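Examining the three-dimensional arrangement
Here is what each chain is made of, one letter per residue.
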Amino acid sequence: AREPDRITEVSWGAASGRYPVRILIRAADRTGLVRDIGSLFAADKVNVLGFRSQVRPKTRTAEIEATIEVGHQEQLQQVLLKLKGVPNVIEVRRA
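Per-residue pLDDT for the protein chain has a mean of 91; in total, 84% of the residues score no lower than 70. When pLDDT is averaged over each helix and strand of the protein chain, the minimum, 96, is found for helix α2 (residues 73-84) and the maximum, 98, for strand β4 (residues 89-94).

The subject of this paragraph is the pairing of strand β3 (residues 61-70). Among the 10 residues of β3, 8 are classified as buried, and the element is accordingly described as predominantly covered. When strand β1 (residues 19-28) meets β3, the two strands line up antiparallel, connected through 10 bridges. Bridging from a neighbouring strand, P20 pairs with E69 of β3. Pairing geometry for strand β2 (residues 47-56) and β3, over 9 bridges, is antiparallel. Among the inter-strand pairings, V55 is bridged to a residue of β3, identified as A62.

Now for the pairing of β1. Alignment of β1 against β4, held across 5 bridges, turns out to be antiparallel. Looking at β4, one finds that R26 is bridged to E91.

Side chains of V34, V48 and F51 sit close together on the surface and give an oily, nonpolar patch of about 210 Å² of accessible area. Tracing the backbone shows F51 in strand β2.

Assignment of secondary structure puts T61 in strand β3. For T61, the side chain forms a polar contact with the side chain of T59, separated by 2.8 Å.

Rules behind the numbers
Once a new chain begins, its residue numbering starts again from 1 and follows that chain's sequence as written. Reporting of local features is limited, given that this is a predicted model, to residues whose pLDDT is at least 70; pairs of side-chain atoms are given and counted only at 80 or more, and all residues count toward the totals for whole chains, interfaces and linings. Side-chain figures throughout are based on the complete set of non-hydrogen atoms in the structure, without hydrogens or water. pLDDT measures the predictor's confidence residue by residue and takes values from 0 up to 100. Secondary structure elements follow DSSP: runs of H or I no shorter than four residues count as helices, runs of E no shorter than two count as strands, and numbering proceeds from the N terminus. The rule is simple: take the accessible area with a 1.4 Å probe, protein chains only, and divide by the maximum for that residue type; under 20% is buried, over 50% is exposed, in between is partly exposed. Should DSSP find at least two bridges between two strands, the strands are regarded as paired. What makes a patch is a set of residues exposed beyond 30% relative accessible area and free of salt bridges, joined within 9 Å when like-charged and within 5 Å when nonpolar (Val, Leu, Ile, Met, Phe, Trp, Tyr). Each accessible area value is a Shrake-Rupley result obtained with a 1.4 Å probe; residue values ignore everything except the protein chains displayed when judging cover. In the sections that follow, a salt bridge refers to a side-chain nitrogen of Lys or Arg positioned within 4 Å of a carboxyl oxygen of Asp or Glu. Pairs of N or O atoms within 3.5 Å make up the polar contacts considered here, provided that, within protein, one atom can donate a hydrogen while the other can accept it, and that residues adjacent in sequence are counted only when both atoms are side-chain atoms.

Here it is in structure tokens:
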């Protein structure tokens, strides 16, 4: 650099190692479904950044969109697999 006293060192902050991921869950509607999904996230120490659910009355299915924070791909795969094991869950996938 031609003017060394004008160079400023910058830092963008340490990477948290956590990544937001949107997932979609489709399930047969039932009492306690949202509680069970939330409990799974809590048990796996998964931070929930956003959560929206809607029930389709004609088909009695719940459509849930959640944005979660994961540390790595393996954690995401574990969470998706566990969500598929929640009673009444029909489909789980990344959005």
